Amino acid sequence: MKLYRFLSGPDDATFCHKVTAALNKGWHLFGSPTYAYDKTTKSMRCGQAVVKDVEGREYTSDTKLSDW
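Please read all numbers here as calculations on a predicted model, not as lab measurements.

Asks: Quick rundown of unusual backbone geometry? Include the residues and the values.
Replies: For Lys42, which is not glycine, the phi torsion reads 55° and is therefore positive. One can find Lys42 in the loop between strand E2 (28–38) and strand E3 (43–53). For Lys42, a relative accessible area of 64% gives the class exposed.

Asks: Just give me the short version of the packing of aromatic side chains, but keep the residues and values in it.
Replies: In the structure shown here, the tally under the stated rule is 1 aromatic pair. Geometrically, the ring pair formed by Tyr4 and Phe30 is edge-to-face, given 6.3 Å between the ring centres and 90° between the ring planes. Of this pair, Tyr4 sits in strand E1 (residues 2–10) while Phe30 sits in strand E2, placing them 26 residues apart in sequence. Residue class for Tyr4 comes out partly exposed when judged on its relative accessible area of 47%. Among the residues examined, Phe30 registers a relative accessible area of 47% and is labelled partly exposed. The ring of Trp27 has Arg5 lying over it, and the distance from NZ or CZ to the ring centre is 5.4 Å.

Asks: Residues and numbers for the UniProt feature "domain: DUF1737" (unreviewed entry) in the protein chain, please.
Replies: The sites that carry the UniProt feature "domain: DUF1737" (unreviewed entry) are, in the present numbering, residues 1–53. The distance from the first to the last C-alpha atom of residues 1–53 is 6 Å, and the span holds 23% helix and 58% strand.

About the cut-offs
Residues numbered from 1 in each chain as written. Predicted model: local features only at pLDDT ≥ 70, side-chain atom pairs only at ≥ 80, totals over all residues. Heavy atoms only, no water. Helix = DSSP H or I, 4+ residues; strand = E, 2+ residues; numbered from the N terminus. Buried < 20%, exposed > 50% of the residue type's maximum accessible area, 1.4 Å probe, protein only. Phe/Tyr/Trp six-rings, centres within 6.5 Å; stacked < 30°, edge-to-face > 60°. Lys NZ or Arg CZ within 6 Å of the ring centre and 35° of its normal. UniProt positions renumbered as here; feature names shortened; annotations may be inferred.

Structure follows, in structure tokens:
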């Protein structure tokens, strides 16, 4: 199965750690990162899509992506 996640967070070290943790679990960057201003929190937010191929498993709507 191919899995897709979109990681997002504030423009700080926690976002970088979130992406780094995903990469170390075998996820791969997909596309360019995003960067946008959040009017509600008056702060910048980052986003990055990641994908992962998992052999021998079938995707269902119950698949918890953060477990992979």
